[in-house]
2 protein chains.
Amino acid sequence: MDVGRRIEAALDVAVAHAEAPGAPPLLAEAIRYAVFPGGHRIRPRLCLAVALACGDDDPAASDAAAAAIELLHCASLVHDDLPCFDDAPMRRQKPSVHAAFGVPLAVLTGDALIVAAFETLARGAARSPARLAALVGLVARAVGSPSGIVAGQAWESEPYVDLSEYQQAKTGALFAASTVAGAAAAGAPPLPWRLLGECLGEAYQVADDLRDVACRQEEIGKPAGRDATLGRPNAAALLGKGGALDRLRRLTEEAIEVIPPCPGQAEIRADIEAQTRLFLPASLRAFA
Amino acid sequence: MDVGRRIEAALDVAVAHAEAPGAPPLLAEAIRYAVFPGGHRIRPRLCLAVALACGDDDPAASDAAAAAIELLHCASLVHDDLPCFDDAPMRRQKPSVHAAFGVPLAVLTGDALIVAAFETLARGAARSPARLAALVGLVARAVGSPSGIVAGQAWESEPYVDLSEYQQAKTGALFAASTVAGAAAAGAPPLPWRLLGECLGEAYQVADDLRDVACRQEEIGKPAGRDATLGRPNAAALLGKGGALDRLRRLTEEAIEVIPPCPGQAEIRADIEAQTRLFLPASLRAFA
């Protein structure tokens, strides 16, 4: 099965568990709505690319790691879109979860997705119980406090914000988790893979800033120009479009260089080159 | 170390990890505020009582299970108190988390506590990796969809509510998780312990309804009469105070009867008799 199909299948299993008989119907509907249809599934693709590069000897564990990371990403989108944060009306070309289901169900959908992520890890690591503790620890660290995506979002409530801590936590942490969890799921030492995830997280942040500044809503599926509206730092505003594109190119090259020695080095190199091209929408890809 | 001290120490370790250097200071403060000082810690006490009754051969795993369950309970209190749900200004004799820190940090504090719970399980089960998958699965089931506390809260957004599904999910699920996780942490088969947790969860729900109807705010640390205000079902309103006290007594007797055979049967029996007395505040205990 190709990587994209593996990811959708693993997500479908996780969501099907959450919507099993007995579930409140609207919550079940909102959970599926938050996960499908997805975006580019960049993080779970990265996770599986690393697992495959490390031998992928327990595909159920790798699929679970990839799905857990995407579920957590979806949870963060649902909560970040809430009126008390970004107040975003649109996401992935459709109304955001709170716009479609109301704020209470959006809060609960995010909560349920976080729980589903860990449940997915536990279910997927049945054949390799020894890998489960590492997976839960690595994934939890990328999401919670002090330095996961929840902490990243919380920096927006602080009077003084350390910009690099903020961006590393808000975006970098889950990219780093994607690479280390991919390695851990395949039984490889996870830490050598951390730097690759960090580089790609930073590259993605620059690309996201470019999209926000240089694209129209129809192309990116959510309102553009939000960083300026919300007074948030933006690399493209700071460096200019050309400067930001340069920075994105340099970070992508750096990512390729820091891939650790592994059985599938040629494949993951090609894969990451292909994936990073998807960071930018078509209208900007010509310049990158 | 006595059970109460073990619980506070395990919670302190979990919270200390979340507030480690690099954490956004207000988020770190809000996480500690949400966990300390606690209430009666009924669920983690129940978890440790079962672990001890089953031999408690890996106290780090039992402590982690107890702490994880209390962190998830705290997370549910923080989110349930939000303006979009109960809009509760007070909790445990002090302003609720959103009243003290604002809604954005309250949402994130709940999220961070959910993550911290699973991280705590992973850290605590280091000596018994084979038990971790069972623990994560049992605890996640009690919290997420279809039948955990998040689903219980989501029933409030449904046009038609199945009352027993609602109460079983909203209160019963985490009590049931407390007993089964206590057994799993001690390496005992968890399922025989489920019925005890379910009985105690139902008893707790009746006691909570009695508190809401028959106590003043000063005694219970949160506004009284909320069920009537919010139009929620309440056993004491339905059966009368005497009828609800009778039901509470019957459920407590039933709980004692369903304790499975185990090495520490006499101790857990006494323990549960003592704990269920704490379900009611002093002003109602004389009648129970």
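Residues numbered from 1 in each chain as written. Chains lettered and ligands numbered in written order. Predicted model: local features only at pLDDT ≥ 70, side-chain atom pairs only at ≥ 80, totals over all residues. Heavy atoms only, no water.

In the nomenclature of an unreviewed UniProt entry, chain A corresponds to Polyprenyl synthetase family protein from the organism Methylorubrum zatmanii. Note on chain A: under the UniProt heading Sequence similarities (unreviewed entry), the record states "Belongs to the FPP/GGPP synthase family." (UniProt positions renumbered as here; feature names shortened; annotations may be inferred.)

1. Notes on the packing of aromatic side chains
Per the counting criterion, the structure on display carries nine aromatic pairs over all chains. Between B:Phe175 and B:Tyr204, the aromatic rings sit 5.2 Å apart at their centres with planes inclined by 35°, giving tilted as the arrangement. Residue B:Phe175 is found in helix H9 (residues 163-185), and its partner B:Tyr204 is found in helix H10 (residues 194-214); the two are separated by 29 residues along the sequence. The same class applies to B:Phe175 as to B:Tyr204, namely buried. When the ring of B:Phe175 is compared with that of B:Phe279, the centres are 6.2 Å apart and the planes differ by 70°; the resulting orientation is edge-to-face. With a gap of 104 residues between them, B:Phe175 in helix H9 and B:Phe279 in the loop between helix H14 (265-277) and helix H15 (282-285) connect regions that are remote in the sequence. Assessed through its relative accessible area of 0%, B:Phe175 is described here as buried. For B:Phe279, a relative accessible area of 2% gives the class buried. Three or more aromatic residues joined by ring pairs form one cluster here, namely A:Phe175, A:Tyr204 and A:Phe279. Geometry around A:Tyr33 places A:Lys94 over its ring, the cationic atom sitting 3.7 Å from the centre. (Phe/Tyr/Trp six-rings, centres within 6.5 Å; stacked < 30°, edge-to-face > 60°. Helix = DSSP H or I, 4+ residues; strand = E, 2+ residues; numbered from the N terminus. Buried < 20%, exposed > 50% of the residue type's maximum accessible area, 1.4 Å probe, protein only. Lys NZ or Arg CZ within 6 Å of the ring centre and 35° of its normal.)

2. As for the interface of chain A and chain B
Contact residues are listed per partner, giving 48 residues for chain A and 48 residues for chain B. When chain A packs against chain B, close to 4000 Å² is buried across both sides, 75% of that on carbon and sulfur atoms. Taken together, the connections running from chain A to chain B amount to zero salt bridges. The interface formed by chain A and chain B includes six residue pairs in polar contact (both at pLDDT 80 or more). Elements supplying a minimum of two residues to the side of chain A that touches chain B: helix H1 (3-18), helix H2 (25-35), helix H6 (103-124), helix H7 (129-143) and helix H8 (149-154) of chain A. In terms of residues, the side of chain A that touches chain B owes the most to one element, H6(A), which gives twelve residues. Tallied by class, residues from the side of chain A that touches chain B come to 35 nonpolar, eight polar and five charged. (Contact = heavy atoms within 4.5 Å. Buried area = accessible area lost by both parts, 1.4 Å probe. Salt bridge = Lys/Arg side-chain N within 4 Å of Asp/Glu carboxyl O. Polar contact = N/O pair within 3.5 Å; in protein donor to acceptor, adjacent residues only side chain to side chain. Nonpolar A, V, L, I, M, F, W, Y, C, P; charged D, E, K, R; others polar.)

3. Things to note about the side chain of A:Asp212
Residue and element names in this part refer to chain A. The topology assignment puts Asp 212 in helix H10 (residues 194-214). Taking relative accessible area as the criterion, Asp 212 reaches 11% and is therefore assigned buried. Excluding its chain neighbours within four sequence positions, the residues that come into contact with Asp 212 are Pro 223, Ala 224, Gly 225, Arg 226, Asp 227, Ala 228 and Asn 234.

4. Structural notes on the relation of the copies chain A and chain B
Structural alignment of chain A on chain B gives an RMSD of 0.0 Å, achieved by rotating through 180° and translating 0.0 Å along the axis. The transformation relating the two chain copies, once decomposed into turn and shift, fits a two-fold axis. Distance from the rotation axis, computed per C-alpha, reaches its smallest value in chain A at A:Pro129: 3.0 Å. (Least-squares fit on C-alpha atoms with pLDDT ≥ 70 in both.)

5. Considering the state of the cysteines
One pass over the full model with this rule turns up zero disulfides over all chains. Sulfur of A:Cys262: no disulfide; nearest cysteine sulfur belongs to A:Cys54 and is 5.8 Å away. (Disulfide = S-S within 2.5 Å.)

6. A word on the packing of helix H3 (residues 42-53) of chain A against helix H14 (residues 265-277) of chain A
Residue and element names in this part refer to chain A. Close contact between H3 and H14 brings their axes to 10 Å; oriented N to C, the two are set at 170°. The angle between H3 and H14 places the two elements in the roughly antiparallel class. Of the residues in H14, those touching H3 at Ile 42, Arg 45, Leu 46, Ala 49, Val 50 and Ala 53 are Ile 268, Asp 271, Ile 272 and Gln 275. A class-by-class count of the residues in the contact of H3 with H14 yields seven nonpolar, one polar and two charged. (Axes fitted to C-alpha atoms, helices over the stretch in contact; angles between N-to-C directions. Parallel < 35°, antiparallel > 145°, perpendicular 65-115°, else oblique.)

7. A word on H14(B)
Residue and element names in this part refer to chain B. Taking 1.5 Å as the rise per residue, H14 with 13 residues should run 18 Å; its terminal C-alpha atoms sit 19 Å apart, in good agreement. If you check which residues of H14 are buried, you get Ile 268, Ile 272, Gln 275 and Thr 276. One side of H14 carries all its buried residues, which in axial view fall inside an arc of 90°. Exposed positions of H14 whose direction lies more than 90 degrees from the buried face are Ala 266, Glu 267 and Arg 277. Against helix H3 (42-53), H10 and helix H13 (235-257) lie the buried residues of H14. (Expected span 1.5 Å × (residues − 1). Arc of directions from axis to C-beta.)

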